[in-house]
Amino acid sequence: MRITDLLDKRSISLNETPKTKSEALDRIIDLMVASGKINDREAYREQVYAREEESTTGIGEGIAIPHGKCAVTKPGLAAMVVKDGVEFDALDGQPVTLMFLIAAPNTKDNVHLDVLSKLSVLMMDEVFADALRNAKSADEFLDIIDKADAEQGDIDERLADMNEASANGFKILAVTSCPTGIAHTYMAAEGIEKAAKEKDCFVKIETRGSGGAKNVLTEKE
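Cut-offs and rules
- Residues numbered from 1 in each chain as written.
- Predicted model: local features only at pLDDT ≥ 70, side-chain atom pairs only at ≥ 80, totals over all residues.
- Heavy atoms only, no water.
- Core = buried A, V, L, I, M, F, W, Y, C linked by side-chain atoms within 4.5 Å.
- Buried < 20%, exposed > 50% of the residue type's maximum accessible area, 1.4 Å probe, protein only.
- Helix = DSSP H or I, 4+ residues; strand = E, 2+ residues; numbered from the N terminus.
- Salt bridge = Lys/Arg side-chain N within 4 Å of Asp/Glu carboxyl O.

**Q** Could you give me a rundown of the nonpolar core, with the residues and numbers involved?
**A** Leu-7, Phe-100, Met-123, Leu-132 and Phe-141 are the most contacted members of the largest nonpolar core, which totals 31 residues. Elements supplying a minimum of two residues to this core: β1 (12–16), β5 (76–86), β6 (96–103), α3 (111–122), α4 (126–133) and α5 (138–151). The next biggest cluster of nonpolar side chains, apart from the first, holds 21 residues, and it includes Leu-25, Ile-29, Leu-31 and Val-72.

Shown next as structure tokens:
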């Protein structure tokens, strides 16, 4: 499954102007509903808002990835560009200009979670995120994602490969997780990996998302 399998033109808007966080959330929820993946808007909206009360999904660098699982008939994404930005209680205090809303049902295979983890990691790439902000059409937006998706490897395999990387003697072990285990688990891992590489440090990161624990730390480690 590719990221664009979860995203279609009906759920993409490239020039929104919400004045508040709640307006932004309500608008992107409407985009998700328009894609036909939600069977109860109010139940889904309630869970999205409840997730925000746990901690903001404005992860910084102008990006927010809210999400919910309730009333979801099939996995999906909605995307919204806010050209002038909107206050979102983001971790870095900056306005949000790019949003992805996740609809993730509780299914046995959870294959969509691997797809969402890839998107989460891609969002950490400033060039990729800026390209999406500047897309002129939904088709261009989808093409940018599809190309990046094809070029990206599996995040858990990459994190495991870091075990073989040369290091300066420092060893970092980490475990990342999110209350709902969908996106931020992998975004946090990507951030740690980048910081470790910059300092030439050995790093191994165990991710505990909705798909279960991966790249698990050993007892010796």
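**Q** I'd like a description of the pattern of salt bridges, backed by residues and values.
**A** In the structure shown here, the tally under the stated rule is 15 salt bridges. In this structure, Lys-21 engages Asp-89 in a salt bridge whose closest nitrogen and oxygen atoms are separated by 3.8 Å. Taken together, the positions of Lys-21 in helix α1 (residues 21–34) and Asp-89 in the loop between β5 and β6 put the pair 68 residues apart, joining distant regions of the chain. Residue Lys-21 is classed as buried on the basis of its relative accessible area of 15%. A salt bridge links Lys-118 to Asp-149; the nearest nitrogen and oxygen atoms lie 2.8 Å apart. Of this pair, Lys-118 sits in helix α3 while Asp-149 sits in helix α5, placing them 31 residues apart in sequence. Judged by relative accessible area, which is 18%, Lys-118 ranks as buried. If you follow the salt bridges from partner to partner, you end up with Asp-8, Arg-10 and Lys-37 in one network.

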